[in-house]
There are 2 protein chains.
Amino acid sequence: MSGPHWWRHRFRGCGYRLTFPRQAILELLSKTSKHLSAKEIYSAVHKIYPAIGLTTIYRTLDLLVQMGLLKKFDFGDGQSRYELASGIKKNHHHHLVCVKCGKIIDYDDFVKEEIELVKKVEEALSKKYNFEIKDHKIQFYGICSKCK
Amino acid sequence: MSGPHWWRHRFRGCGYRLTFPRQAILELLSKTSKHLSAKEIYSAVHKIYPAIGLTTIYRTLDLLVQMGLLKKFDFGDGQSRYELASGIKKNHHHHLVCVKCGKIIDYDDFVKEEIELVKKVEEALSKKYNFEIKDHKIQFYGICSKCK
DNA sequence: TCCTCAATTGAAAATGATTTTCATTACCAA
DNA sequence: TTGGTAATGAAAATCATTTTCAATTGAGGA
Ligand SMILES: [Mn+2]
Ligand SMILES: [Mn+2]
Ligand SMILES: [Zn+2]
Ligand SMILES: [Zn+2]
C-alpha cells in the first residue's frame, strides 16, 4: 500500500496526475518518522529537485490531506506539520508534545481501550447531536525526559 | 471562583496588575460559551472600551493562558480560539468540530471513562518515556446535523 | 492624598506562514 | 506526436501574530 505504482493508481482514481514533485514529497514522507513542516519538506525535496517551489509544496500537501494520504497537525509551534496517514505505513497513534522543546513522541499503547472508548463516544454523539464522526485527534502535553 | 475580586487576588499573587482591559476580556469570556478568536474578542471589548488595541488583546490572552485561566485551541480555521479553563466555569470537556461549517460542540459525556483511560495512559507514558503529562486535548472531527 | 516607577498599553511597523495570481510548463489520452 | 488541461513556480498579496517604542497608569510607600 505504497510506492509509485499504488500512488499513480490512487491519483488517477481521483482524476489527478502523478507528477515528480508529488512523488518526491510522498517518497520523503514515506521514509521519515518525523512530523515535518512545509518548509522542512521544501528543504529536503529541494536537494533532489532544486526547481521545486514552496507554493507547490503547500498545494501538494493540501491535496494529499484532502485525498486522505496525509494528516495535518498543529502542535502549537506556529506551523502545520504533516505525516503519512495511519494505515499507509504507521498504525493509528497519538502524540506526546513537550511544551518546552517541542519534541513529539508517537504513542500507540492502549489503542484497544482507546478505540473502544472512541466507539462508545461516537455512538452516543451521533445519537445526541446527530453528528457524524469521521476522525479524532488525541494529544498529550507535558515535559519530556530531557527537559525535566 | 470568578469575578473581579478573585481575579485581582489571582493577578496580585502572580505579581501582575488587574487592569481594565484584562478585566473586560475576562468578563467577556465568563459570559460566553463560544470559543472566541482574538479578533472577535477585540470587537466585543471594543464596544465597551473603544481605546483598546488588538495588541493588548493578544498580550492579555497569552498572559491568561500562561496563568492557567484560559485554554487556547486550534480548530483549523487559521486562528487561535480561547475559552475559560475547566473548573473556572465549565467542566472538563472536549470538542466536536464540523469540518464543513466549523461549528464547535462542547461535549462532556463519558468523562469518567475517559479520565480513567487518560490516567492509565499517563502512568504508562511516564514510565515508558519518562514524560511528565500536564494536559491533554481530545477532538472529534465530522459533519454536524445541519451540514449533512 | 500624592509620588514614583515599573508594569502595562496602543499605534505602527515587522514578521512569518500560507494563499493568490498569472504566465509558463508538462502530463497523458487520443 | 500532439492538444488540451492540470500542474507548476515566481512574485505579490493576505492575514494572524509579534515586536518596538514612546506614552500611560496602577498601586505601594511617603
Ligand atoms: Mn505521529
Ligand atoms: Mn469548549
Ligand atoms: Zn522537551
Ligand atoms: Zn456543520
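Right, let's walk through the structure included here. This structure is a prediction, so every number in the text was calculated from the model and none was measured.

### Describing the packing of aromatic side chains
Residues and elements named next belong to chain A.
Consideration 1: Tallied over the full model, the rule gives six aromatic pairs over all chains.
Consideration 2: Ring geometry for F73 and F75: centres 5.4 Å apart, planes at 5 degrees, overall stacked. The residues F73 and F75 share a single accessibility class, namely buried.
Consideration 3: The positively charged end of K137 is found above the aromatic ring belonging to F73, 5.0 Å away from the centroid.

### What about the coordination of the manganese ion (ligand 1)?
All names here are of chain A.
Consideration 1: Here the manganese ion (ligand 1) is held by the protein donor atoms H35 (NE2), E83 (OE), E83 (OE), H93 (NE2), H95 (NE2) and D106 (OD), which lie 2.1 to 2.7 Å from it.
Consideration 2: For the manganese ion (ligand 1), the six donor atoms in the first shell make angles of 51 to 166 degrees at the metal, a pattern classed as irregular.
Consideration 3: If you list the donors of the manganese ion (ligand 1) from N- to C-terminus, the spacing comes out as H-x47-E-x9-H-x1-H-x10-D. Residue E83 is located in strand β3 (residues 80–84), and its partner D106 is located in strand β5 (residues 104–107); the two are separated by 23 residues in the primary sequence. Each member of the pair E83 and D106 is classed as buried.

### Some points on the protein's contact with DNA strand D
Consideration 1: Every one of the 24 residues lining DNA strand D counts as a neighbour, but A:T19, A:T56, A:R59, B:K39 and B:Y58 are closest to it.
Consideration 2: A share of 65% of the atoms of DNA strand D within 4 Å of the protein falls on sugar and phosphate groups.
Consideration 3: Note that a phosphate oxygen of DNA strand D is positioned 3.1 Å from one of the backbone N or O atoms of A:A51.
Consideration 4: Contact between DNA strand D and A:R59: a base nitrogen at 2.5 Å from a side-chain N or O atom of the residue.
Consideration 5: Looking at the surface near DNA strand D, the elements with two or more residues in it are α2 (20–31) and α4 (54–66) of chain A together with α1 (4–13) and α4 (54–66) of chain B.
Consideration 6: Among the elements that make up the surface near DNA strand D, the one with the highest residue count is α4(B) (four residues).
Consideration 7: When grouped by side-chain class, the residues that make up the surface near DNA strand D number seven nonpolar, eight polar and nine charged.

Rules used in this analysis
Each chain carries its own residue numbering, running from 1 in the written order of its sequence. As they are written, the chains are lettered A onward and the ligands numbered 1 onward, keeping that order. In keeping with the model being predicted, local features are shown solely for residues with a pLDDT of at least 70 and side-chain atom pairs are shown and tallied solely at 80 or more, while totals for entire chains, interfaces and linings include all residues. Note that water and hydrogens are dropped before the side-chain values are worked out from all heavy atoms of the structure. Think of it this way: a Phe, Tyr or Trp ring, Trp meaning its six-membered ring, pairs with another when their centres are within 6.5 Å, and the plane angle makes it stacked under 30 degrees, edge-to-face over 60, tilted otherwise. Each residue is placed in one exposure class: buried if its accessible area under a 1.4 Å probe, protein chains only, is under 20% of its type's maximum, exposed if it is over 50%, and partly exposed if it falls in between. Look at NZ for Lys and CZ for Arg. If either is within 6 Å of the ring centre and within 35 degrees of the ring normal, a charge sits over the ring. The rule for donors is simple: N, O or S, within 2.8 Å of the metal, or within 3.2 Å if the metal is Na, K or Ca. Water isn't counted, so a site may look like it is missing partners. Metal sites are grouped by the angles between bound donors: all angles between 85 and 135 degrees with four donors is tetrahedral, opposite donors over 155 degrees apart with the others between 65 and 115 is square planar for four donors and octahedral for six, and any other pattern is irregular. Labels follow the DSSP assignment, with helices taken as runs of H or I lasting at least four residues and strands as runs of E lasting at least two, numbered in each case from the N terminus. Nearness is judged by heavy atoms alone; a residue qualifies as near a molecule or strand once a single heavy atom is within 4 Å of it. Side-chain atoms alone can form a polar contact between residues adjacent in sequence; in general such a contact is a pair of N or O atoms within 3.5 Å, and within protein one must be able to donate a hydrogen while the other accepts it. Any residue that is not Ala, Val, Leu, Ile, Met, Phe, Trp, Tyr, Cys, Pro, Asp, Glu, Lys or Arg is counted as polar, Gly included; the first ten are nonpolar and the last four charged.

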